[in-house]
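# Breakdown of the fold
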Amino acid sequence: MSKENIVLAADHGGYDLKVILKDFLLNQGLDVLDLGCHDLKSVDYPDYARALAAAIKENKASRGVLVCGSGIGISIAANRHPHIRAALIHDRLSAELSRQHNDANVIVFGGRLIGTDVAKDCLKAFLNTEFEGGRHQRRIDKMS
Ligand code: RB5
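Residues numbered from 1 in each chain as written. Predicted model: local features only at pLDDT ≥ 70, side-chain atom pairs only at ≥ 80, totals over all residues. Heavy atoms only, no water.

Attention shifts here to the overall build of the protein chain. Counting secondary structure elements, the protein chain contains six helices and five strands. In the protein chain, the order of α-helices and β-strands from amino to carboxyl end is β-α-β-α-β-α-β-α-β-α-α. For the protein chain, the C-alpha radius of gyration of 14 Å lies close to 15 Å, the compact-globule estimate for 144 residues. Accessible surface, the protein chain: about 7200 Å² in total, of which carbon and sulfur atoms supply 49%. (Helix = DSSP H or I, 4+ residues; strand = E, 2+ residues; numbered from the N terminus. Rg over C-alpha atoms; globule rule 2.2 N^0.38 Å. Areas by Shrake-Rupley, 256 points an atom, 1.4 Å probe, with all protein chains shown as cover.)

Our focus in this paragraph is the nonpolar core. Leu21, Leu25, Val65, Ile107, Phe109 and Leu123 are the most contacted members of the largest nonpolar core, which totals 23 residues. If you tally residues by element for this core, the top one is helix H5 (residues 116-128), at six residues. Counting residues in each nonpolar core, the second largest holds 21 residues, with Ala53, Ala61, Ala77 and Ala86 among its members. (Core = buried A, V, L, I, M, F, W, Y, C linked by side-chain atoms within 4.5 Å. Buried < 20%, exposed > 50% of the residue type's maximum accessible area, 1.4 Å probe, protein only.)

In this section: the pairing of strand E5 (residues 106-110). Taking burial as the measure, the five residues of E5 include five buried ones, the bulk of the element. Residues of E5 alternate between two faces, with Val106, Val108 and Gly110 on one and Ile107 and Phe109 on the opposite face, all of them buried. As paired elements, strand E3 (residues 63-68) and E5 share five bridges and run parallel to each other. Residue pairing in the sheet places Cys68 in a bridge with Gly110 of E5. At this point the chain moves from strand E4 (residues 86-88), through helix H4 (residues 92-100), to the parallel E5, and the crossover so formed is right-handed. (Pairing = 2+ DSSP bridges. Right-handed = clockwise from strand over helix to strand, strands pointing away.)

Two residues of an α-helix separated by three or four positions point the same way, owing to the 3.6 residues in each turn. For H5, with 13 residues, the first-to-last C-alpha span of 18 Å sits near the 18 Å given by 1.5 Å per residue. For H5, the elements touching its buried residues are strand E1 (5-10), helix H1 (15-27), E3, H4 and E5. (Expected span 1.5 Å × (residues − 1). Contact = heavy atoms within 4.5 Å.)

On to the sheet that holds E5. The strand order across the open sheet built from five strands is E2-E1-E3-E5-E4, with neighbouring strands paired in parallel fashion. At either end of the open sheet lies a strand with only one pairing partner, and these are strand E2 (31-34) and E4. Ignoring strand direction, the axes of neighbouring strands in this sheet form an average angle of 25°. Each of E1, E3 and E5 is contacted by H5, which is oriented at about 170° to E5, the strand it contacts most. (Axes fitted to C-alpha atoms, helices over the stretch in contact; angles between N-to-C directions.)

The next point concerns the site of the ligand. The full set of residues close to the ligand is Asp11, His12, Tyr45, Cys68, Gly69, Ser70, Gly73 and Arg112. Between the ligand and Asp11 there is a distance of 2.6 Å, counted from an oxygen atom to a side-chain nitrogen or oxygen. Here an oxygen atom of the ligand and a backbone polar atom of Gly73 are 2.9 Å apart. A class-by-class count of the residues in the shell around the ligand yields two nonpolar, four polar and two charged. (Near = heavy atom within 4 Å. Polar contact = N/O pair within 3.5 Å; in protein donor to acceptor, adjacent residues only side chain to side chain. Nonpolar A, V, L, I, M, F, W, Y, C, P; charged D, E, K, R; others polar.)

Below is the structure:
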C-alpha cells in the first residue's frame, strides 16, 4: 500500500464502521483525515459527502472513504460533485474493478450492511489497485 493521505467521513449510520476503517488505515501507516461524524447523534449524510468532496478538491487527500447506513445516500450525494467517482462496494472484485475500470477516487460502504472484515478487505484492494487507463479513460472523459 503506497503512502498517501486518505480522507474519511460518515453519517451516524456509518460511524461505527468508519472508526474501524480509520484504525485499519492508521495501522497500514497511512495518513488519515477524519471529517466526522464523531458520535452516533443523527446527522445528514449530504453534509459529510460535501465535506469529503471539498477535501479532495483542495488536495488535502488523494482518495476517500465514505460510510452511511446503506451506502446509497452518501454515494448519490458524493457523485453530484464532478471530480468525485464514488463506488458503493460490497465485495473485493468490485473494489478492484472500481479502480481498474472507473478510476474511483472514493470507496463507499453501507455500515449497517457489510461485515467489517469484508470492508477491510475491499478497502485494501481499492488502495492497492491501479487504474488501467486506455479505453476506460475515454469513458471517464465522457462523464466530465
Ligand atoms: C440514516 O438513517 C440512513 O438513512 C443513512 O445512513 C443512509 O443509509 C442513507 O442512504
